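Inside the fold
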Amino acid sequence: MTAALIDGNALAQSIRTDVAGRTQALKARGITPRLAIVLVGEDPASQVYVKHKVNDSQQTGLEATLERFPADLTEAALLAHIDKLNNDAAVHGILVQLPLPKHMDAHKVIERIAPAKDVDGFHVASAGALMVGQPGFWPCTPFGCMKMIESIGYNLRGKHAVVIGRSNIVGKPMALMLLQQNATVSICHSATPDLKAMTLQADVIVAAVGKQNILTADMVKPGAVVIDVGMNRNDQGKLCGDVDFDGVKQVAGWITPVPGGVGPMTRAMLLVNTLTAAENASKSV
Ligand code: GUN
């Protein structure tokens, strides 16, 4: 069998079109959704990411401001800046790009963001809301993965989903989102003994380890849905995921590519969260 491709670029485009429409509607009521992106230091990858976030926002009609600070900014100064953004009614979403310089406590910084503006979904209040099934911002990557599964009309009820990777921003929230759809969920670590015995039982596999070829064809049940969150470089320096795409696509029912899979969806969901923050703010005035 050859898996059907879940095209992240195409799905992200349709989401951006929807966001653009809702943004226009909000602007017609005098509210411009605004995202403040805070970048501290010169991390090369972060500079590329934030540029994409600004461009995506602007192309969709949202306003995005990039606020850059030197790497030696004090933590106190950053916290004070976040306070300023929290108190600015024209700012609906705040994103502090990670990683932060080593002298800062990233957790403390994220916790300073007002939960109503936490469009990354990294705040403990956002994580807690997801945990108990209350409205709140979902982290963009697992949110995008859920949209991809939804896009193929897949009913997760009673299905076994195996998530490989247990990070706070992908693996754990992903597991909770799958649980909310009544899936049976296993969370594995790359060091889980006999990972293959776990993945072979899975109807849905989400690979989010950050290691090339963590999932190979012999580990996949025929027809499974395979979502590849990995972003790695192979020996030739080419972008690749965690999944052996060429092998796994012979076995899986659906598969996401890298590039063009989860990456564009993560970016699209940030726009959705920012717009939602602005819509929420417009309701509370
Ligand atoms: N660094 C890499 N990815 C992300 C992300 O999604 N959000 C933030 N804030 N920083 C990141």
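Above this note sits the structure.
Remember, predicted model here, so these are calculated numbers, not experimental data.

Here we take up helix α5 (residues 124-132). Buried within α5 are the following residues: Ser126, Ala129 and Leu130. Summarising the axial view, the buried residues of α5 lie within an arc of 100 degrees, below the 170-degree limit, and thus occupy one face. Those residues of α5 that are exposed and angled more than 90 degrees off the buried face are Met131 and Val132. Turning to α5, the residues buried within the fold contact α7 (171-180). Backbone geometry just downstream of α5 places glycine 133 in the positive-phi region, at approximately 75 degrees.

Turning our eyes to something else, we now look at the sheet that holds strand β8 (residues 225-228). Taking strand neighbours across the sheet as the criterion, the six strands line up as β1-β11-β8-β7-β5-β6 in an open arrangement whose pairing is parallel. The open sheet terminates on both sides in strands that have one partner only, identified here as β1 (4-5) and β6 (184-188). Note that β1 and strand β11 (residues 254-255) share two bridges and pair parallel. Bridged to alanine 4 within β11 is tryptophan 254.

Turning next to the nonpolar core. One finds Leu178 and Ile227 to be the most contacted residues of the largest nonpolar core, which totals 50 residues. The leading source of residues in this core is helix α10 (residues 262-283), at ten residues. If near-sequence neighbours (up to four positions away) are discounted, leucine 178 is found in contact with Met146, Ile149, Leu156, Ala161, Val163, Ala183 and Val185. Formed by 19 residues, the second largest nonpolar core is a distinct cluster that contains Cys188, Ala207, Val220 and Ala252.

Once that is clear, we can look at the packing of helix α6 (residues 140-151) against α7. Two numbers describe how α6 lies on α7: the axes approach to 9 Å, and their chain directions differ by 35 degrees. Here α6 runs over α7; the crossing is right-handed. Contacts between α6 and α7 involve Pro142, Phe143, Cys145, Met146 and Ile149 on the former and, on the latter, Pro173, Met174, Met177 and Leu178. Considered class by class, the residues forming the contact of α6 with α7 number nine nonpolar, no polar and no charged.

Further remarks concern the packing of aromatic side chains. Evaluation of the coordinates by the stated rule reveals two aromatic pairs. Aromatic pair tryptophan 138 and phenylalanine 143: ring centres 5.3 Å apart, planes at 70 degrees, arrangement edge-to-face. Relative accessible area serves as the criterion here: at 18%, tryptophan 138 is assigned to the buried category. Assessed through its relative accessible area of 15%, phenylalanine 143 is described here as buried. Between the aromatic rings of tyrosine 154 and tryptophan 254, the centroid separation amounts to 5.9 Å while the plane-to-plane angle is 80 degrees, which identifies the pairing as edge-to-face. Taken together, the residues tyrosine 154 in the loop between α6 and β5 (160-164) and tryptophan 254 in strand β11 connect sequence positions 100 residues apart. Tyrosine 154 sits in the buried class, given a relative accessible area of 18%. In this structure tryptophan 254 comes out as partly exposed when scored by relative accessible area, which is 26%. The ring of tyrosine 154 has lysine 159 lying over it, and the distance from NZ or CZ to the ring centre is 5.2 Å.

Reading the values: rules and limits
Residues numbered from 1 in each chain as written. Predicted model: local features only at pLDDT ≥ 70, side-chain atom pairs only at ≥ 80, totals over all residues. Heavy atoms only, no water. Buried < 20%, exposed > 50% of the residue type's maximum accessible area, 1.4 Å probe, protein only. Helix = DSSP H or I, 4+ residues; strand = E, 2+ residues; numbered from the N terminus. Arc of directions from axis to C-beta. Contact = heavy atoms within 4.5 Å. Pairing = 2+ DSSP bridges. Core = buried A, V, L, I, M, F, W, Y, C linked by side-chain atoms within 4.5 Å. Axes fitted to C-alpha atoms, helices over the stretch in contact; angles between N-to-C directions. Left-handed = near helix turned anticlockwise from the far one by under 90°. Nonpolar A, V, L, I, M, F, W, Y, C, P; charged D, E, K, R; others polar. Phe/Tyr/Trp six-rings, centres within 6.5 Å; stacked < 30°, edge-to-face > 60°. Lys NZ or Arg CZ within 6 Å of the ring centre and 35° of its normal.

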